[in-house]
Amino acid sequence: MATGAHAASRARHALLPMPQLQLTVTNSTTILVSGEMEFGACTAEVDGFHLSYRKQNGELLGPELIDARKTEHVLADLEPETWYEVVMSGISQGVEGESAVRSIQTWAWQAGEAVLMPLPAPTHLFAEPVSPTAINLTWVGSVPPANVSHYTISYHLVQTALPLHNSSIYFLNSTSTGVQITGLKAYTLYELKVRTHDENNRHSEYSQKLECRTLEDLPGPVHDVQWKLMNSSTVRISWKEPLKVNGVIVNYTLAYSQHPAQPIADWTKTIVPASKLSTNLTSLKNNRYTLKYGRVVGQDRGLLLQIWKLQFPRKSAANCLLFPTNQLRLHLIENLIKFLAL
C-alpha cells in the first residue's frame, strides 16, 4: 500500500514531456495554436500550459497560462507576412516541463481582408497591500465590459540578481476589474500587470508594470543563541538574525530577572540595535537568572518566543568560562505573549 502511494507521488512530480505543438495560419494576422500532451510512460497530471511567442529574432512575449482543458489557442493581432516562433510547455505541480518550439509565417495581407483593431491594454493600475500575504489590485478596463471575456493578471517576485524563469511567474483570471492576490511572501516586492481578453479569443498587450510590497510580519525567532561568563557579574549573550526576517528589524530586546514569576514590566531590559548581534549583561549577582528575548519590527513590538535560564556557579574561574549545555535550558512559550511597551 505504501509502495503504491510512493510511486504515485513520484509520478505526480515527474517532469512533463514536450507537448505536441501544431501551428496553422488562418489569415494574415492570426495563428491557431494546437497543443496536447502525449505522456507515454509519464503519468504526471497537467495543470496547464505556458505559451509564449515572438517575431523572429524579437523579444519573447508571455508566457500566458493556458487551461489544461483547452487544446487550441488563437494568437491574433500579428503582423502580416512575418515569421513567428511559438514556445509551449506543460505545467505540473508548479514545475515546467520540456518546451516545444515551432515557427510559422503569417500570410501577406489580401485586399478585402478585414483588419481588426488591436485591443487596448488596461490602465490606471492601483495596488494596495492588505496583509503580509495579500495585495488588492484594481485597474480600469479599456474595452467595453460587454466585449470582455476576462482579464489575466500576471505577477512575480521582483528579482535583481537571479534570472526570471517562466515557472516563477504566476497568473490569475478575473471577470471584474479587481482581484485580491493571496499566498504571497511577507515584506516582498512583487511586479504586477494585467491584460484583456475578448469573446473572440483575442487579447491585448499587458498593461504597464506596477510594483507593490506586501506588509511586514512578525519575524522568526533568533537562533544559535550563545552565552558565556565574562567575569563574576557579567554575561555576554550572542545570537544570529532570524532566518525569516519578514521586514526590517529595528532592534532586539532582552529582559532578565532573578524572579521569573514577577510581571515582565518589572524585569530589567536591554535594547540592542539591529546592527549588533551581541550584548553584555552587567552588574549581575551570583544567582540564577531568567532571560527572555524578543524582536522589534518596524513600529510594532515583536513577540516573546523564548526563555533562557542562566545559572551562575558558586565559584567562578578567573578566565572566561563557557557554560556547559546542561546548565542552559530553552523553553518555548506555548502562548505567545505580546511584548510590553518599554
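Look above for the structure.
Every chain begins its residue count from 1, and numbering advances along the sequence as written. Given that the model is predicted, a residue must reach a pLDDT of at least 70 before its local features are reported, and side-chain atom pairs must reach 80 or more before they are shown or counted; all residues, however, enter totals for whole chains, interfaces and linings. Side-chain figures throughout are based on the complete set of non-hydrogen atoms in the structure, without hydrogens or water.

**Q** Where do I start with the overall build of the protein in this structure?
**A** In DSSP terms, a helix is any run of H or I states spanning at least four residues, a strand is any run of E spanning at least two, and both are numbered starting from the N terminus. Per the secondary structure count, the protein includes one helix and 24 strands. Note on classification: 1.4 Å probe, protein chains only; a residue is buried when its accessible area is under 20% of the maximum for its type, exposed when over 50%, partly exposed between these limits. Relative to its full complement of 342 residues, the protein shows a buried share of 40%. Two residues qualify as a contact provided that any one of their heavy atoms is within 4.5 Å of a heavy atom in the partner residue. Sequence separation of at least 24 residues holds for 63% of the intrachain contacts in the protein that already meet a minimum separation of 6. Computed with the Shrake-Rupley method and a 1.4 Å probe, the accessible areas treat only the protein chains shown as cover for residues. Summed over all atoms, the accessible surface of the protein reaches about 19,300 Å², with 52% contributed by carbon and sulfur.

**Q** In this structure, what is going on with the sheet that holds strand β2 (residues 30-36)? I would like to understand it.
**A** By definition, the strands of a sheet pair up through backbone hydrogen bonds, in either a parallel or an antiparallel sense. In spatial order, the strands read β1-β2-β5; together these three strands make up an open sheet with antiparallel pairing. The open sheet terminates on both sides in strands that have one partner only, identified here as β1 (20-27) and β5 (72-75). Strand-to-strand twist of the sheet, defined as the mean angle between neighbouring strand axes without regard to direction, takes the value 25 degrees. Strands are labelled as partners when DSSP assigns at least two bridges between them. Pairing of β2 with β5 involves four bridges; the strand directions are antiparallel. Across the sheet, the residue bridging to leucine 32 is valine 74, located in β5. Axis definition: a line fitted to C-alpha atoms, limited for helices to the stretch in contact. Angles are taken between N-to-C directions and run from 0 to 180 degrees.

**Q** Which parts of the structure should I look at to understand the sheet that holds strand β9 (residues 134-140)?
**A** The antiparallel open sheet is built from three strands, whose spatial order is β8-β9-β12. The open sheet is flanked by β8 (123-131) and β12 (178-181), the only strands paired with a single partner. The mean angle between the axes of side-by-side strands here comes to 20 degrees, regardless of whether they run parallel or antiparallel. In this sheet, β12 lies alongside β9 in antiparallel orientation, the contact comprising four bridges. Looking at the pairing, isoleucine 135 lines up with isoleucine 181 of β12.

**Q** Please clarify how the pattern of salt bridges should be interpreted in this entry.
**A** Any two side chains of opposite charge can pair, so long as their charged atoms come close to each other. The rule for a salt bridge is simple: a side-chain nitrogen of Lys or Arg has to be within 4 Å of a carboxyl oxygen of Asp or Glu. Tallied over the full model, the rule gives eight salt bridges. Note that lysine 55 and glutamate 79 form a salt bridge whose closest N and O atoms lie 2.9 Å from each other. Of the two residues, lysine 55 sits in strand β3 (residues 48-55) while glutamate 79 sits in the loop between β5 and β6 (83-92), which places them 24 residues apart along the sequence. With a shortest N-O distance of 3.4 Å, aspartate 224 and lysine 240 are connected by a salt bridge. On the criterion of sequence distance, the pair formed by aspartate 224 in strand β15 (residues 223-231) and lysine 240 in strand β16 (residues 234-240) is long-range, its members being 16 residues apart. Looking at lysine 240, the relative accessible area reads 42%, which means it is partly exposed. If you follow the salt bridges from partner to partner, you end up with Asp77, Asp198 and Arg202 in one network.

**Q** How should the pairing of β16 be read in this particular structure?
**A** A regular strand places its side chains so that they alternate between the two faces of the sheet. Here β15 pairs with β16 via six bridges, running antiparallel. Paired with tryptophan 227 across the two strands is isoleucine 237, which belongs to β16. In this antiparallel pair of consecutive strands, β15 and β16, the connection spans two residues. In the sheet, β16 pairs with strand β19 (residues 278-281) via four bridges, with the strands oriented antiparallel. Bridge assignment links valine 235 to a residue of β19, and that residue is leucine 281.

**Q** Help me understand the nonpolar core in this model?
**A** Taken as a class, soluble globular proteins show a tendency for nonpolar side chains to be buried jointly. As used here, the term nonpolar core means buried Ala, Val, Leu, Ile, Met, Phe, Trp, Tyr and Cys residues forming a set that is joined through side-chain atoms within 4.5 Å. Core analysis: the largest hydrophobic core is formed by 19 residues, its most contacted members being Leu21, Leu23, Ile31, Val33, Leu51, Leu75 and Val86. Those elements giving two or more residues to this core turn out to be β1, β2, β3, β6 and β7 (95-105). Excluding residues that lie within four positions of it along the chain, isoleucine 31 makes contacts with Leu23, Thr24, Val25, His73, Val74, Leu75, Leu78, Tyr84, Ile104 and Thr106. Counting residues in hydrophobic clusters, the runner-up holds 18 residues, among them Ile135, Val143, Val179 and Cys212.

**Q** Explain the packing of aromatic side chains to me, please; I cannot follow it from the model alone.
**A** The geometry of an aromatic ring pair comes down to the distance between the two centres and the angle between the two planes. Working definition: a ring pair exists when centres of Phe, Tyr or Trp rings (six-membered ring for Trp) sit within 6.5 Å. Plane angles under 30 degrees give stacked, over 60 give edge-to-face, the rest tilted. Counted according to the given criterion, the structure contains four aromatic pairs. Geometrically, the ring pair formed by tryptophan 139 and tyrosine 151 is edge-to-face, given 5.4 Å between the ring centres and 70 degrees between the ring planes. Here tyrosine 151 lies in strand β10 (residues 148-157) and tryptophan 139 lies in strand β9, a separation of 12 residues in the sequence. Its relative accessible area of 4% is what places tyrosine 151 among the buried residues. A cation sits over an aromatic face here: lysine 193 above tyrosine 206, 4.8 Å from the ring centre. Counting as a charge over the ring demands two things of the Lys NZ or Arg CZ atom: a distance within 6 Å of the ring centre and an angle within 35 degrees of the ring normal. A cation sits over an aromatic face here: arginine 213 above tyrosine 187, 4.9 Å from the ring centre.

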